[in-house]
Amino acid sequence: MYNAKAFSAASATSPLASTQIARRDPTDTDVQIEIVFCGICHSDLHQVRNEWSGVMPTVYPCVPGHEIVGRVTKVGSGVKKFKVGDIAAVGCMVDSDGTCPNCKEGLEQFCPNLTLTYNFPDKHTGGVTYGGYSDSIVVDQRFVLKVPSNLDLAGAAPLLCAGITTFSPLHHWGVTKGKKVGIVGLGGLGHMGVKFAHALGAHVVLFTTSPGKKDDALRLGADEVVISKNADEMAKHAGSFDFILDAVSADHDINALLGLLRRDGNLTLVGAPEKPFPVSAFNLIFARRSLSGSLIGGIAETQEMLDFCGKHNITADVEVIPIQKVNEAYERLLKADVKYRFSIDMASLKGA
Ligand code: NAP
Ligand code: ZN
């Protein structure tokens, strides 16, 4: 074991603060990474503040962060994919059993023995896993990804969660040229959803509560922008969407969105608000619409997404911050005031 620098929360109401955590020394199949950038996902905030207590109660101290890019500093003797000095990335998962039907299909995110990057039982230490708000991390090579060399690292970090979480359902639901696709919420996930849906050739409509984001949405690839609080604007799109991806982090009117789907249209939730939704049965049954969810994506699909980003030169639009600004960044996330992802420059942790 060795000590790593990190930022952690001591309770649901404490700010994140500088700390030291124990990391394992790399085993034969591990890759040790010096973290260069880590994105801030709204899930980090939900988890730190224990907003998902019914499903995934938070264990404190909590070190969040699952949008990690960095440099390889050590590899185990059995590691063939990476060598010291390579750029490597880690997303939301660090382990799975590798033998269940989900793992065999490349859907590790649904493995019953999945280990998430933070706040999950850590079989190596006996404690919980600690995430990327840290100067280093040690991860089994199966869960370490390659970043195309043309991508800016600060903007590539958010691809590891915001990127794959939007890329995967767009593929699953067959978004292609000619489809009318709605993206709800222009935050970290939403802005990646707009970029990907546009790159796939769909007609993209962005739904936002923030009129000030309209020009950015058009620049990012939306064909139209709808202010979701304006009932007249919403009514113009009734019954017309093939697919809607909902990336909103807070309580909102899901029925107003379901009514925009055409017959057999699907609305997929990736946003995970604390409060359950009241869903109108009529909204679903009268047009055979469906409502579903999606969780990140498998490892092979994450690599496919990174390679797609390399080919199309896609990264997140980021505001780079030092780790000392993380608590301020959380407050700004709650006000939907981020353009469009915070990416922490981990060099700032050296002086912390
Ligand atoms: P974010 O950057 O904070 O963006 C959320 C966006 O939702 C805001 O920018 C805002 O967009 C909109 N919004 C916020 N409050 C709203 C309200 N009351 N009514 C309507 N719209 C509202 O968050 P994120 O990091 O993209 O994450 C979004 C959600 O996805 C979170 O719940 C997160 O936990 C979840 N998530 C899920 C997965 C998964 O695998 N399923 C993975 C990662 C994250 P506008 O200003 O445009 O309205
Ligand atoms: Zn995330």
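Model, not experiment: these values are computed from the prediction.

**Student:** Before we move on, can you summarise the overall build of the chain with the specific residues and values?
**Tutor:** When helices and strands are counted, the chain shows 11 helices and 17 strands. The globule rule puts the C-alpha radius of gyration for 352 residues at 20 Å, and the 20 Å found for the chain is close to it. Projected onto its principal axes, the C-alpha positions of the chain cover 60 × 40 × 35 Å. The proportion of buried residues among the 352 residues of the chain is 55%. At a minimum sequence separation of 6, the contacts of the chain that also span at least 24 residues come to 66%.

**Student:** Which residues make up the coordination of the zinc ion (ligand 2), and what values do they have?
**Tutor:** Octahedral metals with six donors have ideal donor angles of 90 or 180 degrees. Tetrahedral metals with four donors have an ideal donor angle of 109.5 degrees. Taken together, the protein donors to the zinc ion (ligand 2) comprise Cys-41 (SG), His-66 (NE2) and Cys-161 (SG), at separations of 2.0 to 2.2 Å. Motif for the zinc ion (ligand 2), donor spacing along one chain: C-x24-H-x94-C. In this pair, His-66 sits in the loop between α1 (42–48) and β4 (68–75) while Cys-161 sits in the loop between α3 (153–156) and α4 (162–172), placing the two residues 95 residues apart along the sequence.

**Student:** If you had to explain the pattern of salt bridges to someone new, which residues and values would you point to?
**Tutor:** The final tally for this structure, using the stated rule, is 18 salt bridges. A salt bridge links Glu-331 to Arg-49, with the nearest nitrogen and oxygen atoms 2.8 Å apart. Linking Glu-331 in helix α11 (residues 326–334) with Arg-49 in the loop between α1 and β4, this pair joins segments that are 282 residues apart in sequence. Judged by its relative accessible area of 37%, Glu-331 is partly exposed. Salt-bridge contacts for Arg-288 lead to Asp-264; the nearest nitrogen and oxygen are separated by 2.7 Å.

What counts and how
- Residues numbered from 1 in each chain as written.
- Chains lettered and ligands numbered in written order.
- Predicted model: local features only at pLDDT ≥ 70, side-chain atom pairs only at ≥ 80, totals over all residues.
- Heavy atoms only, no water.
- Helix = DSSP H or I, 4+ residues; strand = E, 2+ residues; numbered from the N terminus.
- Rg over C-alpha atoms; globule rule 2.2 N^0.38 Å.
- Buried < 20%, exposed > 50% of the residue type's maximum accessible area, 1.4 Å probe, protein only.
- Contact = heavy atoms within 4.5 Å.
- Donors = N, O, S within 2.8 Å, 3.2 Å for Na, K, Ca; no water.
- Salt bridge = Lys/Arg side-chain N within 4 Å of Asp/Glu carboxyl O.

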